[in-house]
Amino acid sequence: MNSEPSFAEQNKPLDKRLLRYVWQHTRRDQIWVIFVILASMPTYFFALDLPKQIINQPIQGVGFEDATATATFMRLAITPPSFLSSADEWVLFGGFDMERLPFLMALSLTFLSLVCINGLFKFYINTYKGRLGERMLRRMRYDLVDRVLRFPIYQFRRVKASEIASMVKDEVEPFGEFIGDAFVLPVFLGGQAIIAFTFIMLQSFWLGMMTIATISVQMVLIPYLRKRVLELGRQRQLTARQLSGRIGEIVEGITAVHVNDTSNYERSEISSRLGKIFFIRFELYQRKFFVKFINNFLAQLTPFLFYVVGGYFAIRGTLDIGQLVAVIAAYKELPTPINGLIVWDQKRLDINIKYAQIVEQFNVNDLQDAEQQALTKEPVAPLKGEVVVSNLVVEDETASVLIEDADFIMKVNDVVAVVGPLGSGAGAMAETLAGLREPTQGRMLINGSAMNDLPEAITGRRLAYVGSESYLPQQTLLNTLLYASKHQPIEEKEYEGTELTTRNREIAEAISSGNSQLDINANWIDFESMGATSFDDVHRPIMEVLKTVELDNAVYELAMRQTLDPELQPELCEKLIDVRHIFRERLEGSDIEQFVEPFDAGAYNQQATIAENLLFGTAADETLAPENLAGNEYVQQILNETGLDRLLFEMGIELAETAIELFADLSPDNPFFEQLNFMSPELLEDYPPILARVRQSGLDGAGELDRKMLIMLPFSYVEPRNRLGLLKEEHHDIILKARNSFRENLPDELSSAISLYAADEYNDVASVQDNILLGRIAHGFSDATEKVQQAIKELLDELGLNEEIFKVGLSFDIGTAGKRLSETQRQKVALARTLLKRADLVIINRGINTLDSRAQERIVKRLVTLASGKDGNEPFGLLWVLMTPSYAREFDRVLVFDRGRLVEKGSHEDLLQSGRTYAELVS
């Protein structure tokens, strides 16, 4: 069983020869399975020989010329060398004498037993090599990702993320099947072919020679014809990888596509790429199936020769029928291993080409030493002393100079501002100090050690870095913030029973595959580093940090939009029902009473849509969504019975006419469409022909689709918001009548599609805020929403629920790359995550450049105060590359960069008097 690779093995480049890579890691397993294959060969030979004996002896009667004749079954004897014995043979077992019919049955049952034994051998061999291949596939993918984690930063500017992902996921997938067959299959199939050849030669020399001649042509001709197929396969893989990368670019840059109207250009380019792939694949199929045709023809040519030549020999009496039948049966077995060997060789060549392409991508220079990312069981001591930069020169991968001859000394806990325009070298200095760039010349020392020699256990824990761009993978906001504290398992998870068995099996397989044995289910969060004692306590430092970066209110707003499951959080849901009742009591007679209209089972809520008033609940799925209500059979029945269908139909006509009159000439992306809540811009052009038809037919003569399209519109209508005067007081009673009928007769199949409003029940489909309000905020008041939300927040604080609500906000899924957050929020999250590490030196490289100037200034002042320890907290170092140079007045020291050089350094006051460049920057 293979162990986890050593650092020396991890630092080696990937072997350029796949078979050598496979043999290196699976040598013991390959030898064992080859031994099993060799052990299976005798039974395979006997299975070929038995049909001849069955036909010649019991069936044709050779040896059974009279009725009393018998034959010996299972007689075992060997012929000794003459120098050992003069006997003709040594009989090991005399066997059984049997008559003709029992002998037939005995030979047939023996043949069946050999078939079963050979089948079991194949089952074991195939299962074993399948597991072997999957282990190696797992090892290879792990090795590739391990190398990605150690790529130099500049390498990521050269490759596309989607292409790397495609190679690791898709392009190595065929390797799994081949790796299991790499050594096993040629031995297994070659052994079977040799046995079959030998058997045919023993029966007839000439038939054997014909077989060899035909197979030789196959072995030479087929690989020659497949050379172009291999090249086409390589082109197909490259073009498919490039397509994957291009699609990834389109997805990442979809905003630019829309704002520049380049979608048709993108379609044209994708069409061109797909066309290229199509012609490659079509030629590949043509050649592949032509090769298959030739192969099949040659495979069928030999049986033809057997029938002609073998039949001639049988007629002449030089070959008995049993031998001919046995030869034909043996040859039927022969194409399988021969074709298998040809396919194996084809796959070997194809896989080698693919493997060489992958090795070329992943064998990069300047790969980080694996030991630098090793776990450390000892606590990482705080950084102290000085950062010494001497004659520092930094170049990018194109040899362009980013920093030239920089010299300065700062203490680790100094509070330093770095200023300079973009491209001045200020940002490159921050990246170099954070270990994201390597010095080309000169020195950068921390505590006397070269920056690029420090292991990540030090740089990743005692230093913190945040740039203007930070990628946030899709997960909850809480896990995003805690990510920077997951350095290594802090406490192993305890397993018992079947879980322990499963875990031990996972460890064994990880060892066999050369993968990491670390348990993802262990506790990875370093609570102590962030000033917490346990997971229950971790929200306290998170809340403090979020207040520092002014993100706490945003988390509260996210919590208000979240939904809760009463089965998973029953206590909190019960508390929120109590909050609802208290809020209702305080609402009466308060300043904000006019801003909220609660839901009442016996009244129409004018601030809610007609759909909400009809359902008096929240749709749990698309079945009862507003756009689908008009097509629902049960809803149609209620509308018809109460006459509401006619009212909605007439309202739909009015709404459609109004929308066409006001918005028909506007482009779909016009901001005025935000006011059109009852119709999407895409549907606007569908309504003119509908209106033309229904003006003549009316409701009774309108087609089903026209009825649905018009009745659908009013379901999203809110009179105080839309203010078209379409909904009168007398209409409320009709809708309430339909509501009662809807609730009383609701069929069982629709009960799960809606969560009805109830004063003493939590609505698991509605948001936290909607559950507290159980109503709607009034339209027409500019500050209604803010005042109501503030009142809810104050009530939650008063009742001691702010921390629980805060946890709900932290459970928010931030989406792919954090896209469900605004760009400003993403920068604040990245900064908060950095501060949560409580590092000794925090490096901020223009980290909050999307914030407005006032917010930037507030956060800068707040962080400088924290770093200086003026609030009584532990001081830490802060080096900030500022977008606004005037904020440098808050810092103890200032470094000024211009055109790649450190041109000035000193305090803010000194540089204002003596620093010409600095004075120009802050002016």
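Just so it is clear, the structure is predicted and the values come from calculations on it, not from any experiment.

Calculation rules
- Residues numbered from 1 in each chain as written.
- Predicted model: local features only at pLDDT ≥ 70, side-chain atom pairs only at ≥ 80, totals over all residues.
- Heavy atoms only, no water.
- Helix = DSSP H or I, 4+ residues; strand = E, 2+ residues; numbered from the N terminus.
- Buried < 20%, exposed > 50% of the residue type's maximum accessible area, 1.4 Å probe, protein only.
- Contact = heavy atoms within 4.5 Å.
- Areas by Shrake-Rupley, 256 points an atom, 1.4 Å probe, with all protein chains shown as cover.
- Expected span 1.5 Å × (residues − 1).
- Patch = residues over 30% accessible without salt bridge, like charges linked within 9 Å, V, L, I, M, F, W, Y side chains within 5 Å.
- Salt bridge = Lys/Arg side-chain N within 4 Å of Asp/Glu carboxyl O.
- Lys, Arg positive; Asp, Glu negative; His and termini not counted.
- Charge placed at Lys NZ, Arg CZ, Asp CG, Glu CD.
- Core = buried A, V, L, I, M, F, W, Y, C linked by side-chain atoms within 4.5 Å.
- Axes fitted to C-alpha atoms, helices over the stretch in contact; angles between N-to-C directions.
- Parallel < 35°, antiparallel > 145°, perpendicular 65-115°, else oblique.
- Nonpolar A, V, L, I, M, F, W, Y, C, P; charged D, E, K, R; others polar.
- Polar contact = N/O pair within 3.5 Å; in protein donor to acceptor, adjacent residues only side chain to side chain.
- Phe/Tyr/Trp six-rings, centres within 6.5 Å; stacked < 30°, edge-to-face > 60°.
- Lys NZ or Arg CZ within 6 Å of the ring centre and 35° of its normal.
- Pairing = 2+ DSSP bridges.
- Left-handed = near helix turned anticlockwise from the far one by under 90°.
- pLDDT = per-residue confidence, 0-100.

Engineer: How do you make sense of the overall build of the protein chain when you look at a structure like this?
Structural biologist: Each helix and strand in the protein chain was counted, giving 35 helices and 18 strands. Within the span of the protein chain, comprising 923 residues, buried residues form 46% of the whole. Put simply, of all contacts in the protein chain between residues at least 6 apart along the chain, 76% involve residues at least 24 apart. Taken as a whole, the protein chain presents about 47,600 Å² of accessible surface, with 53% of it coming from carbon and sulfur.

Engineer: How should I be thinking about helix H16 (residues 497-512) in this particular structure?
Structural biologist: One turn of the α-helix equals 3.6 residues, which is why residues spaced by three or four share an orientation. The end-to-end C-alpha distance of H16 is 23 Å, a good match for the 22 Å that 16 residues give at a rise of 1.5 Å each. Residues of H16 that are buried include every one of Arg503, Ala510, Ile511 and Ser512, and no others. Structurally, H16 contributes buried residues whose contacts are with helix H3 (100-149). Looking one or two places after H16, you find glycine 514, whose phi comes out positive at around 70°.

Engineer: I would appreciate a short explanation of a negative patch on the surface in the present structure.
Structural biologist: Together, Glu491, Glu492, Glu494, Glu496 and Glu499 give the surface a local cluster of negative charge. Along the chain, the position of glutamate 492 falls in the loop between helix H15 (477-482) and H16.

Engineer: Hey, could you run me through the nonpolar core in this one?
Structural biologist: If you look at the biggest cluster of nonpolar residues, it comprises 57 residues, and the most contacted ones within it are Ile542, Leu546, Leu878 and Trp880. For leucine 546, the residues in contact, after removing those within four places along its chain, are Leu481, Leu551, Asp552, Val555, Phe806, Leu810 and Ala832. Core analysis: the second largest hydrophobic core is formed by 49 residues, Leu684, Ile711, Met712 and Leu736 among them.

Engineer: Is there a simple way to explain helix H17 (residues 539-548) in this structure?
Structural biologist: Burial analysis of H17 places seven of its ten residues in the buried class, which makes it a mostly covered element. Taken together, the buried positions of H17 are His539, Pro541, Ile542, Met543, Val545, Leu546 and Thr548. Just beyond H17, the residue with positive phi is glutamate 550, at close to 60°.

Engineer: Please clarify how the pattern of salt bridges should be interpreted in this entry.
Structural biologist: All chains considered together, the criterion is met by 21 salt bridges. Arginine 858 is the partner of glutamate 550 in a salt bridge, and the nearest nitrogen-oxygen pair spans 2.7 Å. Of this pair, glutamate 550 sits in the loop between H17 and helix H18 (552-561) while arginine 858 sits in helix H33 (residues 853-868), and the two are 308 residues apart along the sequence. Taking the shortest distance from any N to any O, the salt bridge between glutamate 550 and arginine 862 comes out at 3.2 Å. Placement of the pair is glutamate 550 in the loop between H17 and H18 and arginine 862 in helix H33, with a sequence separation of 312 residues.

Engineer: Would you mind going over the packing of H3 against H16 with me for this structure?
Structural biologist: How two helices sit against one another is set out by the angle between their axes and by the gap between those axes. At a minimum axis separation of 9 Å, H3 and H16 run at an interaxial angle of 75°. The angle between the axes of H3 and H16 places the two elements in the roughly perpendicular class. Contacts from Arg135, Arg138 and Arg139 in H3 reach Glu509, Ala510 and Ser512 in H16. Residue classes in the contact of H3 with H16 are distributed as one nonpolar, one polar and four charged.

Engineer: Help me understand the side chain of glutamine 856 in this model?
Structural biologist: Assignment of secondary structure puts glutamine 856 in helix H33. Judged by its relative accessible area of 9%, glutamine 856 is buried. Side-chain polar atoms of glutamine 856 contact the backbone oxygen of leucine 851, separated by 2.8 Å. When sequence neighbours within four positions are dropped, the list of residues in contact with glutamine 856 reads Ile848, Asn849, Leu851, Met883, Thr884 and Tyr887.

Engineer: Would you mind showing me how to read the packing of aromatic side chains here?
Structural biologist: The geometry of an aromatic ring pair comes down to the distance between the two centres and the angle between the two planes. If you walk through the whole model with that rule in mind, you get seven aromatic pairs. Seen from their ring centres, phenylalanine 599 and tyrosine 757 are 4.3 Å apart, and the 20° between their planes marks the pair as stacked. Linking phenylalanine 599 in the loop between strand S11 (596-598) and helix H20 (610-615) with tyrosine 757 in the loop between strand S13 (754-756) and helix H29 (768-773), this pair joins segments that are 158 residues apart in sequence. Here the two residues phenylalanine 599 and tyrosine 757 agree in accessibility, since each one is buried. Members of the aromatic cluster, joined through ring pairs, are Phe599, Phe616 and Tyr757. The side chain of lysine 793 reaches across the aromatic face of tyrosine 556, ending 5.2 Å from its centre.

Engineer: What should I look at first to understand the environment of glycine 900 in this one?
Structural biologist: Residue position: glycine 900 is located in the loop between strand S17 (893-898) and strand S18 (901-906). Note on glycine 900: relative accessible area 4%, which makes it buried. Through-space distance from the C-alpha of glycine 900 to that of glycine 425 is 4.4 Å; in sequence the pair is 475 residues apart. Contact partners of glycine 900, with chain neighbours within four places excluded, come to Leu402, Ile403, Glu404, Gly423, Ser424 and Gly425.

Engineer: When you look at unusual backbone geometry in this model, what are you seeing that I'm missing?
Structural biologist: In most cases, non-glycine residues show a negative phi, while peptide bonds are predominantly trans. The backbone of alanine 399 sits at a positive phi, close to 70°, despite the residue not being glycine. Within the secondary structure, alanine 399 is located in the loop between strand S5 (386-395) and strand S6 (401-411). Unlike most non-glycine residues, phenylalanine 616 shows phi in positive territory, near 45°.

Engineer: Could you clarify how one ought to interpret the sheet that holds strand S15 (residues 841-845) in this entry?
Structural biologist: Working definition: the strands of a sheet are paired by backbone hydrogen bonds and lie parallel or antiparallel to each other. Strand order in the open sheet formed by six strands is S10-S15-S16-S7-S17-S18, and the pairing between neighbours is mixed. Two strands lie at the open edges of the sheet, namely strand S10 (463-466) and S18, each paired on one side alone. Within the sheet, the average angular offset between the axes of one strand and its neighbour, ignoring direction, is 15°. As judged from the four bridges shared by S10 and S15, these two strands associate in the parallel manner. Each residue of the ladder has a partner; that of alanine 464, found in S15, is valine 842. This element, helix H32 (residues 823-836), spans S10 and S15 of the sheet and lies at about 175° to S10. In this fold H33 packs onto strand S7 (415-419), S15 and strand S16 (877-881), with an angle of close to 155° to the strand it touches most, S16.

Engineer: Before we go on, may I ask you to explain the side chain of arginine 826 in this structure?
Structural biologist: Its place among the elements puts arginine 826 in helix H32. Put simply, arginine 826 is tucked away with no salt bridge, and the nearest opposite charge, on glutamate 823, sits 4.8 Å away. A distance of 3.4 Å separates a polar side-chain atom of arginine 826 from the backbone oxygen of glycine 818. Apart from residues lying up to four places away in sequence, arginine 826 is in contact with Leu472, Ala817, Gly818, Lys819 and Leu821.

Engineer: Can you walk me through the sheet that holds S6 in this structure?
Structural biologist: With antiparallel pairing, four strands are arranged side by side in an open sheet as S6-S5-S8-S9. Strands at the two margins of the open sheet, each flanked by one partner only, are S6 and strand S9 (449-450). Pairing of S5 with strand S8 (residues 441-446), which is carried by five bridges, proceeds in the antiparallel orientation. Note that in S8 the partner of valine 393 across the bridge is glutamine 441. Contacts from helix H13 (residues 426-433) reach S5, S6 and S8, with the element oriented near 60° to S6.

Engineer: How should I be thinking about the environment of leucine 878 in this particular structure?
Structural biologist: On the secondary structure map, leucine 878 appears in strand S16. We classify leucine 878 as buried; its relative accessible area is 1%. Taking the C-alpha atoms as reference, leucine 878 lies 6.9 Å from asparagine 413; in sequence the two are 465 residues apart. Beyond its immediate chain neighbours, meaning those up to four positions away, leucine 878 contacts Asp414, Val415, Val416, Leu841, Val842, Ile844, Leu863, Val864, Ala867 and Phe891.

Engineer: Can you walk me through the packing of H17 against H32 in this structure?
Structural biologist: Interaxial distance between H17 and H32 falls to 9 Å at its minimum, and their mutual angle equals 130°. What the angle tells us is that H17 and H32 run oblique. The hand of the H17/H32 crossing is right-handed. Listed contacts from H32 to Pro541, Ile542, Val545, Leu546 and Thr548 of H17 are Ala832, Leu835 and Leu836. Residue composition of the contact of H17 with H32, by class: seven nonpolar, one polar and no charged.

Engineer: Is there a simple way to explain the pairing of S8 in this structure?
Structural biologist: The two faces of a sheet get side chains in turn, since along a regular strand they alternate between them. Summarising the sheet, S8 and S9 pair through two bridges and their orientation is antiparallel. Across the sheet, residue leucine 445 finds its bridge partner in S9, namely alanine 450. Hairpin geometry of S8 and S9 is characterised by an intervening segment of two residues between the two adjacent antiparallel strands and by a positive phi of about 55° at asparagine 447.

Engineer: For this particular structure, what's the right way to read the confidence of the model for the protein chain?
Structural biologist: The predicted coordinates of low-pLDDT regions are not to be read in fine detail. For the protein chain, per-residue confidence averages 81 on the pLDDT scale, and residues scoring 70 or more make up 82% of the total. For the protein chain, per-element mean pLDDT is lowest for helix H11 (residues 321-333), which scores 56, and highest for S7, which scores 95.

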